[in-house]
Amino acid sequence: MSLTTNERTIILAMWDKIATESEEIGRETLDRLLTVFPQAKTYFPHFDMNSRSAQLRAHGAKVMSAIGDAAKNIDNVSGALARLSEMHAYILRVDPVNFKLLSHCLLVTLATHFPADFTAEAHEAWDKFMSLVSSVLTEKYR
Amino acid sequence: MVHLTAEEKALVTGLWGKVKVDEFGGEALGRLLVVYPWTQRFFDSFGDLSSADAVMGNPKVKAHGAKVLQSMGDGIKNLDNLKGTFSKLSELHCDKLHVDPENFRLLGNVLVCVLARHFGKDFTPAAQAAFQKVVVGVANALAAKYH
């Protein structure tokens, strides 16, 4: 799967907007994931509900930073996320279905924050981009 | 069976009251066809679907999207009996339209994105959770008569 020139342009334009509030976007994406799909909480047993917001913000920032790396190296997402790919395969071992759930929650978050920019074309580009990121992160699973 | 708490039902009916069914329906169906182009396989007779702009502006897409969302509205009024509400439509989608039920799940998630886009901050994580239960319930009800 590879992104068209138009899709890459759209992704980078959206990333410029995301970058100005990436921690909040990351926090909200994770908050949505854990609220809407509570089974995802099984991967965060160490999260304490009282300081949930701070933990979500910290972890969300990490997730968005990685997505940003992928966007900025869109010609070589495999290379950009190589370390994370290994981490997910050998240490984190997050079941692949969860990548779809997280991706969906990111799209929902983008829709709420950037209603005018989240056009049908942007929706398609980001859905495809996150699908690519997800497949890179699971490519060493077996 | 879909199990919504009283709070979730309130969130759903509250937001649904502000939904412009025809407009959001056209947008949801259009986005389905743009984001997942293989879904266009069911709409050969709809004319020009050659670009995102063509799809989103296509009058048949808008009209059909409106119909689909009106139907979803019927579901929201009958959350305790989704299987009954969608029984005939389920048979239609299986026997006449031959639609893979996976498409109902795709459309459900696209609809959630459309609601998010229009409601912004009001589409809280709790509201999203409630609507995800609804769209899953509707998708399952539409698949219930498949054989």
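Model, not experiment: these values are computed from the prediction.

### Some details on the UniProt feature "domain: Globin" (unreviewed entry) in chain A
Within this structure's numbering, the places UniProt gives as "domain: Globin" (unreviewed entry) are residues 2-142 of chain A. The distance separating the terminal C-alpha atoms of residues 2-142 of chain A is 22 Å; by composition the span is 72% helix and 0% strand.

### Considerations on the packing of helix α2 (residues 21-35) of chain B against helix α4 (residues 59-77) of chain B
Residues and elements named next belong to chain B. At a minimum axis separation of 7 Å, α2 and α4 run at an interaxial angle of 110 degrees. Considering their axes alone, α2 and α4 lie roughly perpendicular with respect to each other. For the element pair α2 and α4, the recorded crossing hand is right-handed. Residues V21, D22, F24, G25, G26, L29, G30 and L33 of α2 touch α4, and the partners they reach there are V61, K62, H64, G65, A66, L69 and Q70. Taken together, the residues that form the contact of α2 with α4 break down as seven nonpolar, six polar and two charged.

### Here's the deal with the packing of aromatic side chains
Residues and elements named next belong to chain B. Under the criterion given, the structure shown has nine aromatic pairs over all chains. Relative to F119, the ring of F24 has its centre 6.1 Å away and its plane inclined at 65 degrees; by these criteria the two rings are edge-to-face. Taken as a pair, F24 in helix α2 and F119 in helix α7 (residues 102-119) lie far apart in primary sequence, 95 residues in all. Of the two residues, F24 and F119, neither departs from the other in class, the shared state being buried. Measuring from centroid to centroid gives 6.3 Å for F104 and Y146, while their planes differ by 85 degrees, and the two rings are edge-to-face. Taken together, the positions of F104 in helix α7 and Y146 in the segment after α8 (125-143) put the pair 42 residues apart, joining distant regions of the chain. For F104, a relative accessible area of 11% puts it in the buried group. Using a relative accessible area of 24% as the deciding quantity, one classes Y146 as partly exposed.

Basis of the calculations
- Residues numbered from 1 in each chain as written.
- Chains lettered and ligands numbered in written order.
- Predicted model: local features only at pLDDT ≥ 70, side-chain atom pairs only at ≥ 80, totals over all residues.
- Heavy atoms only, no water.
- UniProt positions renumbered as here; feature names shortened; annotations may be inferred.
- Helix = DSSP H or I, 4+ residues; strand = E, 2+ residues; numbered from the N terminus.
- Axes fitted to C-alpha atoms, helices over the stretch in contact; angles between N-to-C directions.
- Parallel < 35°, antiparallel > 145°, perpendicular 65-115°, else oblique.
- Left-handed = near helix turned anticlockwise from the far one by under 90°.
- Contact = heavy atoms within 4.5 Å.
- Nonpolar A, V, L, I, M, F, W, Y, C, P; charged D, E, K, R; others polar.
- Phe/Tyr/Trp six-rings, centres within 6.5 Å; stacked < 30°, edge-to-face > 60°.
- Buried < 20%, exposed > 50% of the residue type's maximum accessible area, 1.4 Å probe, protein only.

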